[in-house]
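# Observations on the model geometry
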Amino acid sequence: MGKWKMIAKPIVFLLLFFAMGLGFTRLLTPYWGTTTNQSETFYALPEDAIDVMTVGSSSLLVSVSPLVMWDAQGITSYSRCTSVQAPLITYYNVTEGLEYQNPEVVIIGTMYLFDEYDVDKEENESYLRATMDTRRLSKQKLEAISAIVQKSDYQTWFDYLFPIIRHHDRWASLNEDVFYREFHYTRGYLPVYKLEVMEDQRNMTPVDRPAAVDEDSAYYYGKAIEACLEKGCKVLLLTAPRADWTYAEYLAIQQLADEYGVDYLDFNLDDVWDAAGVDVQTDFYNATHINAYGAVKISQYLADYLAEHYQIPDRRTDETVAAAYNADYERFRTEMEERRAELFPEEP
C-alpha cells in the first residue's frame, strides 16, 4: 500500500499543477471579443450543422452575413474569418474547421495573396495570438504554431501552447471580461455600423499581366484549397467590394482559381458590382471594407449565387433549424433598423 501511495503522490501533484496551470491560463488569456465568441460558438455547433463555411480576413468578416444568406435562400453557414488573417491561418482554419463540419462549399478570401505576411509585426502578432489563444489544442493548431515559430525571430512554441507565459503580467488589468462569453448569434460575421462616403477608384480595365503574388501566401492558399477538395468540398474564392481594386489583382486570383479548378467570384467586376447594387455613397466604412448595409447586398447576391451554382439545400423546411435562424435573423434585422438612423439620418 505504501508503495502505491509513493507513486500516486507525484502523479496527483502533477495533475493538480496541470489543472491549476489551465485555470490560470484561462484567467490571464485576454478576452479577444469577437474572436473568442466566434470560436466557442463554432465549437458548440452540432455535427453537420452548416452547408457553407467562410474563411478569410476582415474584408469577408464584415461582408458575408450567414443570417442574411439564411433569409435569402435558407443556407446554413458560419464565418471563421478574422481580422488580418494570415494565409497560414486561413489554411489552419480550413483544415481544423473541416474536422468539425462537413460543408458543401468553403468560401475562401485571398486578400493577402499579394503581400508577405510578417508574423513579427506588432499588429500581425496580436491577431495571430487572438486566433491561436481561442482555438482548441489539435494537430492543426500544432502545425500552425510550428509555421509561425519558423517564420518568427522571437516567438516560441511555449508562448502559444501556454499563453500564460505571454500574458502573465495581466494581473493588474483583470476585469469581468475574463469570464464573459456570448453566443455569437451572427454566426461569425461582424456587422460594422459606420459610414464613409468613398470615391470609386477601382481600375477594372482589362490587362494581360496579373499582379505579382507572394509565393508563401500563394502556397498556403493553395494548401487550403487542396484540403477542401480532398474532403469533397466545393471551393469558391471570393473578393468583397473594394474602392481601390484593380483588374490585375482580379486576374491573379482568377489564375489561382484556374490552377486548382475552383470558382472565383469578384464583386469588383463591373457586372457583379452593378448587379449587387454596390454604392460607394452608402456601403463602405473605408476603402477596403463595407459596412453592415453593404453587407446585406453582398450576402443576398452571394446566397443567390450559391443556390444557383451548388447543390445546397434550403433548410427552412427544418423546423428546429429554422426556429433558431429565424429568431437570430429577427434580432439582427431589428438591430440594423435601430442603427440605420445613426448612419442615414436624412431618411424618413
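Refer to the structure printed above.
Residues numbered from 1 in each chain as written. Predicted model: local features only at pLDDT ≥ 70, side-chain atom pairs only at ≥ 80, totals over all residues. Heavy atoms only, no water.

Positive phi, close to 55°, is recorded for D48, a residue that is not glycine. Along the polypeptide, D48 turns up in the loop between α2 (34–43) and β1 (52–55). Despite not being glycine, V84 shows a phi value in the positive range, around 50°. Tracing the backbone through its elements, the reader meets V84 in the loop between β2 (77–79) and α5 (87–100). (Helix = DSSP H or I, 4+ residues; strand = E, 2+ residues; numbered from the N terminus.)

The next thing to look at is the pairing of strand β4 (residues 234–239). When you tally the buried positions in β4, you get 5 out of 6 residues, the bulk of the element. Direction of pairing for strand β3 (residues 105–109) relative to β4: parallel, over a ladder of 5 bridges. Looking at the pairing, I107 lines up with L236 of β4. Pairing of β4 with strand β5 (residues 263–266) involves 4 bridges; the strand directions are parallel. When the bridges of β5 are listed, L237 appears paired with Y264. This β-α-β element, β4 to helix α11 (residues 247–260) to β5, shows right-handed connectivity. (Buried < 20%, exposed > 50% of the residue type's maximum accessible area, 1.4 Å probe, protein only. Pairing = 2+ DSSP bridges. Right-handed = clockwise from strand over helix to strand, strands pointing away.)

Following the criterion strictly, the structure yields 16 aromatic pairs and no others. Seen in terms of ring centroids, F42 and Y43 are 6.1 Å apart; in terms of plane orientation they differ by 65°. Their pairing is edge-to-face. Taking relative accessible area as the criterion, F42 reaches 1% and is therefore assigned buried. Between the aromatic rings of F42 and Y100, the centroid separation amounts to 6.1 Å while the plane-to-plane angle is 70°, which identifies the pairing as edge-to-face. Remark: Y100 occurs in helix α5 and F42 occurs in helix α2; sequence separation between them is 58 residues. For the cation-ring pair, R80 lies above F42, with the distance from its terminal atom to the ring centre recorded as 4.2 Å. One Lys or Arg, R187, reaches over the ring of Y325 and ends 4.1 Å from the middle of that ring. (Phe/Tyr/Trp six-rings, centres within 6.5 Å; stacked < 30°, edge-to-face > 60°. Lys NZ or Arg CZ within 6 Å of the ring centre and 35° of its normal.)

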